[in-house]
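Inside the fold
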Amino acid sequence: MIKKHNFNAGPSILPDVVIRNAAEAILDFNGSGLSLLSISHRTKDFDAVMAEADALFRELLHVPDNYKIFYVGGGASTMFYEVAANFLGRKAGYVNTGVWSKKAIKEAKRYGEVEVLATSEDRDFTYIPKGFAIPEDLDYLHITSNNTIYGTEYHEDIDSPVPLIADMSSDILSRPVDVSKYAMIYGGAQKNLAPAGAVFAIIREDMLDRIVRDLPTMASFRTHVENNSMFNTPPVFPIYVLKETLKWLKSIGGVEEIHRRNVEKAQLLYDEIDRNPLFRGTVVKEDRSLMNICFVMAEGYEELAPEFMAYATERGMVGIKGHRLVGGFRASCYNALPKESVEALVACMQEFAKSHVK
């Protein structure tokens, strides 16, 4: 059987050891004789899972003591409206860097005025806007740190005079982040942490005093902080896998080491895209994502796209078709993707070029 190389954008690749440990826990969780899928979330054993996940998250991201971490079911799309429901009283600022930013903006407009402070839509979201003014009368500023569809990413934490909230669904724990610069970080777990079904949130405690309206119980962030993510039944299986992923990340050297690996993988593929006459990148170089590497056939070779897709698929490349909105190709190189998979894709591109370069 041909080895498969998983470049899916999400749900995405997880470390092999994490999958094995999760599979064992499904059969017998912690020697209890019960499956992880059918245990009570109010047991001491699962309390230990939650406590370990919290401790590992804090250690790996150097989360300050005045921040709380919680988990809820759902995805980041649910958080788009919940962030605004909790914090948007009069006016919030958003940066529009793509599809997910636009969705967050749409949901926020239900609760108050939204000012789009900057956008890269004028150039098809191929760059990250910089140097824009941030009014000090905003309730908060919202950004999407990595744009999975277009392949752009913030590589530095921005300074904001108002509370900064970031959707980090697709680059959490892939690079060092100064958590203290953010009022809240949230994201879906299905990129770098766990299967789909859970959302993580890291929130500065004083933000709970900024909740602007009387909300349904489950929509209030205060509910989940005060009840340690246990107000209702949490997504037990994804949280367990998340904990195992954090353990794996710590075992290999933490965020600093995975960032080194991610830079190495991305550079390898971007170098080939820039060198190979059949392909070209789609975003400005300084804003290229480490997580989602987007490219297309170069001018004059556009008709080869279906043939290259078939060629790559035959050689075990999985999930490299670009998003339906932009086309082309996208290689998602999340934390658990080994360098060997990127090397295999690069070799595939080189071999294809040998017989197709004019």
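First, a word on scope: everything that follows refers to the structure included in this document. Keep in mind it's a predicted model, so treat the numbers as computed, not measured. (Residues numbered from 1 in each chain as written. Predicted model: local features only at pLDDT ≥ 70, side-chain atom pairs only at ≥ 80, totals over all residues. Heavy atoms only, no water.)

Brief notes about the packing of helix α6 (residues 236-251) against helix α7 (residues 254-275)
Threshold: Only C-alpha atoms enter the line fits that serve as axes; for helices the fit covers just the stretch in contact. Angles between N-to-C directions range over 0 to 180 degrees. Put simply, DSSP H or I for four residues or longer makes a helix, DSSP E for two residues or longer makes a strand, and each gets a number counted from the N terminus. Note that the term roughly parallel is reserved for angles under 35 degrees, roughly antiparallel for angles over 145, roughly perpendicular for angles of 65 to 115, and oblique for everything else. We call two residues in contact when some of their heavy atoms are within 4.5 Å. By the convention adopted, Pro, Cys, Tyr, Trp, Phe, Met, Ile, Leu, Val and Ala count as nonpolar, Lys, Arg, Asp and Glu as charged, and the other residues, Gly among them, as polar.
Relative to each other, α6 and α7 sit at 80°, their axes nearing to 7 Å. One way to sum up the angle between α6 and α7 is to call them roughly perpendicular. Within the contact between the two elements, α6 uses Trp248, Leu249 and Lys250 and α7 uses Gly254, Val255 and Ile258. Across the contact of α6 with α7, the residue classes break down as four nonpolar, one polar and one charged.

Some thoughts on the pattern of salt bridges
Two side chains that carry opposite charge are able to pair once their charged atoms sit near each other. Counted only if it meets this: Should a side-chain nitrogen of Lys or Arg be within 4 Å of a carboxyl oxygen of Asp or Glu, the pair is scored as a salt bridge. Burial here depends on accessible area, computed with a 1.4 Å probe over protein chains only, as a share of the maximum for the residue type. Under 20% is buried, over 50% is exposed, and the range in between is partly exposed.
Scanning the model with the defined rule gives 26 salt bridges in all. Among the salt bridges present, the one from lysine 285 reaches aspartate 274, with a minimum N-O distance of 3.8 Å. Here aspartate 274 lies in helix α7 and lysine 285 lies in the loop between β11 (279-281) and β12 (292-297), a separation of 11 residues in the sequence. We classify lysine 285 as exposed; its relative accessible area is 59%.

A look at unusual backbone geometry
Proline 11 follows glycine 10 through a cis peptide bond whose omega is -5°. Structurally, the position occupied by proline 11 is in the loop between β1 (5-6) and α1 (16-27). A positive phi is found at aspartate 124, a non-glycine position, where the angle reads about 55°. Here aspartate 124 is to be found in the loop between β4 (113-119) and β5 (141-144). Here serine 229, not a glycine, exhibits a phi torsion of approximately 65°, which is positive. Considering the arrangement of structural elements, one finds serine 229 in the loop between α5 (221-226) and α6.

Section: the sheet that holds strand β3 (residues 91-96)
Pairing between sheet strands relies on hydrogen bonds along the backbone, with the strands arranged either parallel or antiparallel. Using the following cut-off: When DSSP finds two or more bridges between two strands, those strands count as paired.
One open sheet holds the seven strands; their spatial order is β2-β10-β9-β8-β5-β3-β4, and the pairing between them is mixed. The sheet terminates laterally at β2 (67-74) and β4, the two strands that pair on one side only. Pairs of neighbouring strands in the sheet enclose a mean axial angle of 20°, with direction left out of account. Sheet contacts for helix α3 (residues 76-87): β2, β3, β8 (164-167), β9 (184-188) and β10 (197-204); angle to β9, the most-contacted strand, approximately 155°.

Side note on the packing of helix α2 (residues 44-61) against α6
The cut-off we apply is this: In this scheme the crossing of two helices becomes right-handed for a clockwise turn of the near helix relative to the far one and left-handed for an anticlockwise turn of less than a right angle.
Direction vectors running N to C along α2 and α6 enclose 40°, while the axes themselves pass 9 Å from each other. In terms of orientation, α2 and α6 fall into the oblique class. Considering only the axes of α2 and α6, their crossing is left-handed. Side by side, α2 and α6 meet where Phe46, Val49, Met50, Glu52, Ala53, Leu56, Phe57, Glu59 and Leu60 of the first sit next to Val236, Ile239, Tyr240, Leu242, Lys243, Leu246, Lys247, Leu249 and Lys250 of the second. For the contact of α2 with α6, the class distribution of residues is 13 nonpolar, no polar and five charged.

Structural notes on the nonpolar core
Applied cut-off: In plain words, nonpolar cores are sets of buried Ala, Val, Leu, Ile, Met, Phe, Trp, Tyr and Cys residues tied together by side-chain atoms within 4.5 Å.
Counting 57 residues, the largest nonpolar core has Phe57, Leu61, Leu173 and Leu193 as the members making the most contacts within it. When near neighbours in sequence (up to four residues on either side) are disregarded, phenylalanine 57 contacts His62, Val63, Ile69, Tyr71, Ile172, Leu173, Leu193, Phe200, Ile202, Leu242 and Leu246. Ala336, Val342, Val346 and Cys348 belong to the second-largest nonpolar core, a separate cluster that totals 37 residues.

Re the environment of glutamate 52
Looking at where glutamate 52 falls in the secondary structure, it is placed in helix α2. Relative accessible area serves as the criterion here: at 31%, glutamate 52 is assigned to the partly exposed category. With residues up to four places along the chain from it excluded, the contact list for glutamate 52 reads Lys243 and Lys247.

Overview of empty space enclosed by the protein
Inclusion rule: The definitions used throughout rest on a 1 Å grid laid over the protein atoms alone, on which a cavity is an enclosed set of points accommodating a 1.4 Å probe that cannot get out and a pocket is an open set flanked by protein within 12 Å on both sides along at least five of seven lines; lining residues are those having an atom within 4 Å of a point. Grid points are joined across faces, edges and corners, and a volume is the space filled by probe spheres set on the points.
Counted by the stated rule, this structure contains one cavity of 30 Å³ or more. Approximately 40 Å³ is the volume attributed to the largest cavity. Taken together, Ile13, Leu14, Pro15, Asn192, Thr245, Trp248, Leu249, Asn335 and Ala336 make up the lining of the largest cavity. Residue composition of the lining of the largest cavity, grouped by class: six nonpolar, three polar and no charged.

Regarding the sheet that holds β12
Here we have three strands laid out as an open sheet, ordered β11-β12-β14, and antiparallel in their pairing. Taken across any chain shown, the strands that pair with only one partner, and hence form the sheet edges, are β11 and β14 (329-332). Put simply, the sheet's adjacent strands are angled 35° from each other on average, direction ignored. Running over the sheet, α7 touches β11, β12 and β14 and is turned about 10° from β12.

A word on the layout of surface pockets
In this structure, the largest pocket encloses a volume near 380 Å³. Residue lining of the largest pocket: 24 residues in total, with Trp100, Thr148, Ser169, Gln190 and Lys191 positioned closest to the centre. In the lining of the largest pocket, the residues fall into eight nonpolar, 13 polar and three charged.

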